[in-house]
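Observations on the three-dimensional arrangement
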Amino acid sequence: MRFALALGDEVGQALPLAAAANESFKRARRDCGDDDFSAVYEALRPTAAPAATAVCFDFDGTLGDTETPAMEVAFWEIAAYLPGASAENVESQCRPYMVENAGKAFEHMMSACEEERAAASLPPIAEAATALSGGLVAVVDKHRSKFGLPPLADVAGTPLLQLQKEETVAALAKCAVANEGVMETLVALNSAGLAYNIATTSGKPRVPVCVDAASLRPFFPAEQIHSGESDFDPPRFKPEPDVYLRAAAALEREPTNCIAVEDSGSGVGSASNAGMGLIVGYVGATHIPAENKESHAQMLLEGAKAKDGRGAEIVITKFGDLVPLAMAFEGRRPGVHWFTKDLLAKLEGPYYLK
């Protein structure tokens, strides 16, 4: 426990996460003596026989609490170009904009902004970028500086989409964290012999950078990170099934023996279109406000992006509740109903069903 407390003091990790690392350290000392800290990596290997079930995780908003900072960066990149934005009102626009555009690609935000500018007889973003000035820019630059980003005037010659990708990676390298309960859940899945990997639309190096920043690298080496944007030519974005099919194949499992964990409608659609055996929705990250959790959960359950209309079977708010669900799915038998009231009674957080 001294190791856990030291982690909390030295690097600001939450005590539950530090305690999970401490348990791994104790296992490493028992099995590997006084070897260096790489012994902890050995301790993270599964302790049970390999299970038939595997888990494929989305990253942004699921494993990583990255949607909120990424959306805030996106807003302060596009804010200076929004028609009607001013030094007096732009800060109040930030949160509503983030909620409205959560889960949308930056290309969509740019397209919508360009349409609004054209309707207001304003020049395109690329032309306006070279003539920014005044109080609005000062407010935008103040908020950009919180993420270590340069003033707009210093990057005026960089295309906005390119800038967004580069600056999002730079910002997330400093502020990406794992969602509450992720580390403990991964340790539990390891102990049960369940393999897992990442199946994300987001590109590289964004996701690997976030994995490192969130202290998740021991669980996800490079070969366990699969990207719809970076691993296919042309890119295959969710709700297309490709990244989930790739992730399942990498784990040497049929999709029907895999659990997908998702926070977005497109992600649920991708998992459904890939034929994943169980789809678990998750609404516990900070980018989903408390007042929106139920409606967001219902959207995940509805499966509007799936070709067959299949949505998530269940949506959880506590990440650790994935463990009893995964163990029940692993223990299922043909012809026997496994999604029981007894199973649901083991869940610690609120959950949503169809």
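Here we summarise the structure given alongside this text. Keep in mind that this is a model prediction, so the values were computed, not measured.

1. Let's talk about the pattern of salt bridges
Applying the stated rule across the entire model yields 14 salt bridges. Here aspartate 242 makes a salt bridge to arginine 236, at a shortest N to O gap of 3.1 Å. For aspartate 242, a relative accessible area of 21% puts it in the partly exposed group. The partner of glutamate 313 in a salt bridge is arginine 310, and the shortest N-O contact between them spans 2.9 Å.

2. Considerations on helix α5 (residues 90-101)
For α5, which comprises twelve residues, the first-to-last C-alpha distance of 16 Å matches the rise-based estimate of 16 Å (1.5 Å per residue) to within 8%. Of all the residues in α5, the buried ones are Val90, Cys94, Tyr97, Met98 and Asn101. Buried residues of α5 fall within an arc of 100 degrees about the axis and therefore sit on the same side. Along α5, exposed side chains directed more than 90 degrees from the buried face belong to Ser92 and Glu100. Lining the buried residues of α5 we find α4 (67-78), α6 (106-119) and α8 (135-145). A positive backbone phi angle near 85 degrees is found at glycine 103, which sits one or two residues after α5.

3. Some remarks on the sheet that holds strand β7 (residues 351-352)
As a general point, the strands of a sheet are linked pairwise by backbone hydrogen bonds and lie either parallel or antiparallel. An order of β3-β2-β1-β4-β5-β6-β7 is seen for the seven strands of this open sheet, with the pairing classed as mixed. Of all the strands in the sheet, the pair left with one neighbour each is β3 (225-227) and β7. Where strand β5 (residues 278-282) meets strand β6 (residues 314-316), three bridges bridge the pair, whose relative direction is parallel. Across the sheet, the residue bridging to glycine 281 is valine 315, located in β6. In the packing of helix α15 (residues 322-330) onto the sheet, contacts are made with β1 (54-57), β4 (258-262), β5 and β6, and the angle to β4 comes to roughly 155 degrees.

Parameters at a glance
- Every chain is numbered on its own, with residues counted from 1 as its sequence reads.
- For this predicted model, a pLDDT threshold of at least 70 governs which residues receive local features, and a threshold of 80 or more governs which side-chain atom pairs are given and counted, while totals over whole chains, interfaces and linings are taken from all residues.
- Where side-chain values are given, they derive from all heavy atoms of the structure, hydrogens and water being excluded.
- For this document, the term salt bridge refers to a Lys or Arg side-chain nitrogen within 4 Å of an Asp or Glu carboxyl oxygen.
- Think of it in three bands: residues with accessible area under 20% of the maximum for their type are buried, residues over 50% are exposed, and the middle band is partly exposed, with areas taken using a 1.4 Å probe on protein chains only.
- Helix and strand assignments follow DSSP, with helices taken as H or I runs no shorter than four residues and strands as E runs no shorter than two, numbered in order from the N terminus.
- The length a helix should cover is 1.5 Å for every residue beyond the first.
- Taking the helix axis as origin, the arc is that swept by the directions to the C-beta atoms.
- Pairs of residues are marked as contacts when any of their non-hydrogen atoms sit within 4.5 Å.
- Two strands are said to pair when DSSP picks up at least two bridges between them.
- Fitted lines through C-alpha atoms give the axes, limited to the stretch in contact for helices. The angle between two N-to-C directions lies from 0 to 180 degrees.

Everything listed here is a matter of coordinates, which is why it stays silent on function.
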